[in-house]
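So you can see what is in the structure, the chains are spelled out below.
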Amino acid sequence: MSNVEIVSAVADVYKWIDQTMAGKSPDCKGCGNCCDFKRYDHRLYITSVELEYFKHFMADRLRPMTDGICPYRNDNKCTVHTHRFAGCRIFNCRGTENIQADISEQAIEKLKAICQTHDTPYTYTELSKALRNCV
Ligand code: SF4
Ligand code: SF4
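Everything numeric in this text was worked out from a predicted model, so none of it was measured.

A. The arrangement of the site of ligand 1 in detail. Around ligand 1 sit Cys-35, Leu-44, Cys-70, Tyr-72, Arg-73, Cys-78, Val-80, Arg-84, Phe-85 and Cys-88, and that is every residue in its neighbourhood. Of the residues assigned to the shell around ligand 1, the class counts are eight nonpolar, no polar and two charged.

Spelled out as structure tokens, the structure:
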């Protein structure tokens, strides 16, 4: 298993998501409200290969979620925008749920396929638990 190959494959999925989402939702206002999971009553799940990707780029910035707010939100802005997770790229509070659900399903299939290709276990874990497990 090559970590670099997994990272590159996940980057391709993120590129696919960004291209597929383009023009399909109104612009996100970037208010950061949905990154406050507790207050927004929202959950973000990430796959095992996304965590590998994130650890690759954020090795020195891994931190737990302590208060129900994504630890990478600062002043209501995402500080890891380039490397944010699939769910962050797809969710838009002003968008159409069906479109987002469809793209999310396709993205998860692609991420699962990376696990199969690289013989690595597939997991789909809520962000706070995923971060807790890797710090
Ligand atoms: S990674 Fe960025 S966009 Fe995703 S929940 Fe955290 S702060 Fe929000
Ligand atoms: S998706 Fe909605 S709640 Fe989340 S940052 Fe964008 S405008 Fe704010």
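Don't stop here, the text continues.
B. Summary view of the environment of Ile-99. By the element assignment, Ile-99 lies in helix α5 (residues 97-117). Among the residues examined, Ile-99 registers 15 C-beta atoms within 10 Å and is labelled partly exposed. Along the primary structure Ile-99 and Ser-25 are separated by 74 residues, whereas in three dimensions their C-alpha atoms are 8.9 Å apart.

C. Structural detail: α5. With 21 residues, α5 should reach 30 Å at 1.5 Å per residue; the first-to-last C-alpha distance of 30 Å fits that figure. If you check which residues of α5 are buried, you get Ile-103, Ala-107, Leu-111 and Ile-114. The buried residues of α5 occupy an angular sector of 75° when the element is viewed end-on, so they sit on one face. For α5, the exposed residues lying more than 90 degrees away from the buried face are Glu-97, Asn-98, Ala-101, Glu-105, Glu-109 and Gln-116. The elements touched by buried residues of α5 are α1 (3-21), β1 (45-47), α3 (48-58) and α4 (86-90). The positive-phi residue at the C-terminal boundary of α5 is Asp-119, with phi of around 50°.

D. Just the nonpolar core, in detail. If you look at the biggest cluster of nonpolar residues, it comprises 27 residues, and the most contacted ones within it are Val-10, Val-13, Ile-17, Ala-86, Ala-107 and Leu-127. Put simply, the parts of the chain that give this core at least two residues each are α1, α3, α4, α5 and α6 (127-134). By residue number, the principal contributor to this core is α1, which donates six residues. Beyond its immediate sequence surroundings of up to four residues, Ala-86 is in contact with Val-13, Tyr-14, Ile-17, Glu-50, Ala-107 and Leu-111.

E. Examining the site of ligand 2 more closely. Around ligand 2 lies a shell formed by Cys-28, Lys-29, Gly-30, Cys-31, Gly-32, Asn-33, Cys-34, Phe-91, Asn-92 and Cys-93. Residues of the shell around ligand 2, tallied by class, amount to five nonpolar, four polar and one charged.

Reading the values: the criteria
Residues numbered from 1 in each chain as written. Chains lettered and ligands numbered in written order. Predicted model: local features only at pLDDT ≥ 70, side-chain atom pairs only at ≥ 80, totals over all residues. Near = placed C-beta within 6 Å. Nonpolar A, V, L, I, M, F, W, Y, C, P; charged D, E, K, R; others polar. Helix = DSSP H or I, 4+ residues; strand = E, 2+ residues; numbered from the N terminus. Buried ≥ 20, exposed ≤ 12 C-beta atoms within 10 Å, placed from the backbone. Expected span 1.5 Å × (residues − 1). Arc of directions from axis to C-beta. Contact = placed C-beta atoms within 7 Å. Core = buried A, V, L, I, M, F, W, Y, C linked by C-beta atoms within 7 Å.

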